[in-house]
Amino acid sequence: MFAGHEEYVTSHEFDLIRRYRNLGGNLAFLSANSFYSRVVPIGGAIRCVGHFRDEGRPEAALVGVQYLDWNHGVFGNRPYVVTGAGRAPWFLRGTGLHNGSHFGFSYGVEIDTLAPSSPHRIVVLAELPNIFGPGRTAQMTFYIAPSGAKVFAAGAMNFESSQSAVTDRLLLNLWRFLSR
């Protein structure tokens, strides 16, 4: 479970997590912009040397979605809108949410969206429609890898933070599902 902003990782970290998933390990990315920038350690610091997607290892093939943009201090946060209620009832259990329902209030500082390298049969659970302008939508997703690994991606910053009893329940549902 990656609770924070995991943008900067080494090739070794990227490969370890991909292998973990390929062996059936479940993953949850509770923020946005995960596994985007490749870094190398230099002394006591790290240096960004590129982006995995530019090297033929797109983050969407692992995470499910890829980094799109940040708010540039212009666009405000919003609640998610449920879009995939029928595709993942385990996620919404006990919340009263259905397609079109809103939850939370403070998502969107950085956002992720589907990409051509996103896994087949990926499910979009919720969205922040047009949060950064027309066609610039954040997407919360879930997929099951060929290994059986379950992979969840929040698609925006702050999903790891408690925003209401409903968001607490969503996180509990996610934890229970991934723990099985």
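Structure first, text after, so check above.
Procedures and definitions
- Residues numbered from 1 in each chain as written.
- Predicted model: local features only at pLDDT ≥ 70, side-chain atom pairs only at ≥ 80, totals over all residues.
- Heavy atoms only, no water.
- Pairing = 2+ DSSP bridges.
- Helix = DSSP H or I, 4+ residues; strand = E, 2+ residues; numbered from the N terminus.
- Core = buried A, V, L, I, M, F, W, Y, C linked by side-chain atoms within 4.5 Å.
- Buried < 20%, exposed > 50% of the residue type's maximum accessible area, 1.4 Å probe, protein only.
- Contact = heavy atoms within 4.5 Å.
- Expected span 1.5 Å × (residues − 1).
- Arc of directions from axis to C-beta.
- Polar contact = N/O pair within 3.5 Å; in protein donor to acceptor, adjacent residues only side chain to side chain.

**Comments concerning the sheet that holds strand β4 (residues 45-51)**
Now for step 1: Read across the sheet, three strands follow the order β1-β3-β4 without closing on themselves; strand pairing throughout is mixed. Strands with a single pairing partner mark the edges of an open sheet, and in this sheet they are β1 (8-9) and β4.
Now for step 2: For strand β3 (residues 37-42) and β4, the ladder comprises six bridges, and the chain directions are antiparallel. Paired with Ile42 across the bridge in β4 is Ala45.

**Section: the nonpolar core**
Now for step 1: Of all hydrophobic cores here, the largest spans 31 residues; its most connected members are Tyr80, Phe91, Phe103, Met140, Phe152 and Phe159.
Now for step 2: Of all the secondary-structure elements, those providing two or more residues to this core are β6 (78-82), α3 (89-92), β7 (102-107), β9 (123-128), β10 (138-144) and α4 (165-179).
Now for step 3: Here this core takes five residues from α4, the largest share from any one element.
Now for step 4: If we ignore the near neighbours within four places in the chain, the residues touching Met140 are Tyr80, Phe91, Phe103, Val123, Val124, Leu125, Ala126, Phe152, Ala153, Ala154 and Phe159.
Now for step 5: Residues Val9, Val63, Tyr143 and Ala149 belong to the second largest nonpolar core, which totals 17 residues.

**Regarding α4**
Now for step 1: Here α4 spans 21 Å end to end across 15 residues, near enough to the 21 Å set by a 1.5 Å rise per residue.
Now for step 2: Buried residues of α4: Thr167, Leu170, Leu171, Asn173, Leu174, Phe177 and Leu178, and no others. The buried residues of α4 occupy an angular sector of 160 degrees when the element is viewed end-on, so they sit on one face.
Now for step 3: Summarising the contacts, the buried residues of α4 are in contact with β2 (27-29), α3, β7, β10 and β11 (150-153).
Now for step 4: Capping the start of α4, Ser164 holds a side-chain oxygen 3.2 Å from the backbone nitrogen of Val166, two or three residues further along.

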